[in-house]
Amino acid sequence: MSKPIFTSTMAYFEIESIEQCNSYLASGKPLNQLAFQNIDFCKVSPSIKEREITNCLFLGCKLPDGMRCKLTSSCMVFPNLKVPYNCFRSTLYNAWDLYKGYNIEDDDSFERCFDTRVYQHYLRLGKRTSDIGEHLARSLHDLSITDAMYDFLEQYDEKMVVGIMGGHGLMRTEPIYRDIIEVAKDLTERGFLLVSGGGPGAMEATHVGAWMAGRTAHEVDEAVAVLSSSPTFHDEGWLHTALQVIRDYPQKHYHSLGIPTWLYGHEPSTPFATHIAKYFTNSIREDEILTIANGGIIYTPGSAGTMQEIFQDAVQNHYLSFGYASPMIFLGKDYWTKEMPVYNLLSYLTEKGKYKNLMLTITDDIQEVVDVLTGYPFGKR
């Protein structure tokens, strides 16, 4: 979906596909203040070579020689840099993009797939690279991913986007893994978009639930049984079993959004997320997860990363950063009051007035989680 890109002086209208480009050319509108993203103009209608092009951006495009002479000095051309990833993606990733080159019959092929090659490049150049070209490439890539993510989110009411946070080490065999699946499945069937950090453990369970939306309890049991043969992402067959479930239970109706990062590239991205916004810069990625989950966030047992997200979310709600507060739901009473007693602290600070606007719930009942979100004061949904 196209939209304007605003700068301090003008708004660029985005064109992100050859079909859209040809349609715009056929309209006869002037080629002015357009942002062309990742387009091979060798495949575009040759009529563009007869037109004057002014004040346009060309982001990672392939330009034939006959077209270059039509660009005025007001145009800016940003070529793709020599890196193993596209700096100017116009769409989000999916499992087939990230795991291109992986053969389900050969687990060793994981080392040769796109995602692994990008991660190895990332490590080789340094997580904090001193190579300015690589730093520029990563920044451009993350900008493009953010742009593509917000294109995707345009189809959802912002208050219907719900996040589930939790530990990457949660095993597929643990009861709460299945609880997360049930919550995510129910909410997805009700029209919510489920978002997570896009990795294994609790994050994966979120997207398994969204993927299995519309399926029977028996089918979910069968899928979990297949996954349970490789309980953690350290186990052989973790990706193989996930792709087996995806193959055996195909679906195109329900979506979910995973937002992983190459900073934690040793944790594979879940293939169950239908849309994947994978970032190099983790701080941007963390902020985006919490920023877009305006419908509320469910916290399942986790460690340091989950704790960081809880307090970052509390700040947004305290200051009403986006005009309103959203529910903070803690699933697992013993965990959040005894093992990691953060719920006790937030409740105490709220009572003392140190935090304001926090909408806190703690429960062991997955139905209560759904009830809180569907009864949220935005109106019954």
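Right above here is the structure, for reference.
Quick notes on the rules
Positions within a chain are numbered from 1, following the residues in the order the chain's sequence is written. With the structure being a predicted model, the display of local features is reserved for residues of pLDDT at least 70 and the display and counting of side-chain atom pairs for 80 or more, all residues being used for whole-chain, interface and lining totals. Based on all heavy atoms of the structure, the side-chain values leave hydrogens and waters out of the count. The salt bridge criterion pairs a side-chain nitrogen of Lys or Arg with a carboxyl oxygen of Asp or Glu, the two atoms within 4 Å. Note on exposure labels: buried denotes an accessible area under 20% of the residue type's maximum, exposed denotes more than 50%, and partly exposed covers the range between, all computed with a 1.4 Å probe on protein chains only. Every helix listed is a DSSP run of H or I at least four residues long, and every strand listed is a run of E at least two residues long, numbered separately from the N terminus. As used here, the arc is the angular range of directions from the helix axis to the C-beta atoms. Whether two residues are in contact is decided by their heavy atoms: any pair within 4.5 Å suffices. Any pair of nitrogen or oxygen atoms within 3.5 Å is treated as a polar contact; in protein, a donor-acceptor pairing is required on top of that, and neighbouring residues in sequence qualify only through side-chain atoms on both sides. Nonpolar cores were defined as sets of buried Ala, Val, Leu, Ile, Met, Phe, Trp, Tyr and Cys residues, with membership established by side-chain atoms within 4.5 Å. Centres within 6.5 Å make a pair out of two Phe, Tyr or Trp rings, where for Trp the six-membered ring is used; the pair is then stacked when the planes are under 30 degrees apart, edge-to-face when over 60, and tilted otherwise. DSSP calls a pair of strands paired once it identifies at least 2 bridges connecting them. Note on geometry: axes are lines fitted to C-alpha atoms, helical ones only across the stretch in contact, with angles between N-to-C directions running from 0 to 180 degrees. Handedness of a crossover is defined as follows: with both strands directed away from the viewer, a clockwise route from the first strand across the helix to the second makes it right-handed.

Visitor: I'd like a description of the pattern of salt bridges, backed by residues and values.
Guide: Evaluated as defined, the whole model comprises 13 salt bridges. Here arginine 89 makes a salt bridge to aspartate 97, at a shortest N to O gap of 3.4 Å. You can call arginine 89 buried: its relative accessible area is 15%. Judged by its relative accessible area of 26%, aspartate 97 falls in the partly exposed class. A salt bridge links lysine 278 to aspartate 115; its shortest N-O distance comes to 2.9 Å. With a gap of 163 residues between them, lysine 278 in the loop between strand E11 (275-276) and helix H10 (282-292) and aspartate 115 in helix H4 (residues 114-125) connect regions that are remote in the sequence. The buried category is assigned to lysine 278, whose relative accessible area is 0%. Overall, aspartate 115 belongs to the buried group, its relative accessible area being 3%. Salt bridges linked by common partners bring Arg178, Glu182 and Asp221 together as one network.

Visitor: Explain helix H14 (residues 366-374) residue by residue, including any values.
Guide: Looking only at H14, the buried set comprises Val369, Val370, Leu373 and Thr374. Each buried residue of H14 sits inside an arc of 120 degrees when the element is viewed along its axis, so together they form one side. Close packing links the buried residues of H14 with strand E8 (161-165), helix H6 (175-189), strand E12 (297-299), strand E13 (327-331) and strand E14 (359-363). Here H14 starts with a cap whose side-chain oxygen sits 2.9 Å from the backbone nitrogen of glutamine 367, and that cap is aspartate 365.

Visitor: Explain the nonpolar core residue by residue, including any values.
Guide: Leu257 and Phe330 are the most contacted members of the largest nonpolar core, which totals 93 residues. Ranked by size, the runner-up nonpolar core spans 19 residues in total, among them Leu34, Cys56, Leu71 and Cys75.

Visitor: For the packing of aromatic side chains, give the residues involved together with the corresponding values.
Guide: The tally for this structure, following the rule as stated, stands at 17 aromatic pairs. Here the aromatic rings of tyrosine 93 and phenylalanine 114 are separated by 6.1 Å at their centres, their planes lie at 40 degrees, and the arrangement is tilted. Residue tyrosine 93 is found in the loop between strand E7 (76-78) and helix H3 (95-98), and its partner phenylalanine 114 is found in helix H4; the two are separated by 21 residues along the sequence. Each of the two residues, tyrosine 93 as well as phenylalanine 114, counts as buried. Here phenylalanine 152 and tyrosine 156 contribute two aromatic rings whose centre-to-centre distance is 5.6 Å and whose plane-to-plane angle is 65 degrees, an arrangement assigned as edge-to-face. Through pairs of rings, three or more aromatic residues link up here, namely Tyr85, Tyr93, Phe114, Tyr119, Tyr122, Trp262 and Phe280.

Visitor: Got a sec to walk through the sheet that holds E11? Specific residues and values, please.
Guide: Spatial strand order, E11-E10-E9-E8-E12-E13-E14: 7 strands in an open sheet with parallel pairing. Two strands bound the open sheet, and with one partner strand each, they are E11 and E14. Judged from the 3 bridges that link them, E8 and E12 form a sheet pairing that is parallel. Bridge pairing links methionine 165 to tyrosine 299 in E12. Contacts between helix H5 (residues 132-153) and the sheet are confined to E8, strand E9 (193-196), strand E10 (256-258) and E11, with E10 contributing the most and set at about 165 degrees to the helix.

Visitor: Describe the pairing of E13, naming the residues involved and giving the relevant values.
Guide: Most of E13 sits out of view: 5 of its 5 residues are buried. On E13, burial covers both faces: Pro327, Ile329 and Leu331 on one face and Met328 and Phe330 on the other are all buried. Examined bridge by bridge, E12 and E13 share 3 bridges and lie parallel to one another. Bridging from a neighbouring strand, tyrosine 299 pairs with phenylalanine 330 of E13. Regarding topology, helix H11 (residues 304-318) serves as the crossover connection from E12 to the parallel E13, and that connection is right-handed. Here 5 bridges tie E13 to E14, and the two strands are oriented parallel to one another. Considered in E14, the bridge of leucine 331 is made with threonine 363.

These figures capture arrangement, not role.
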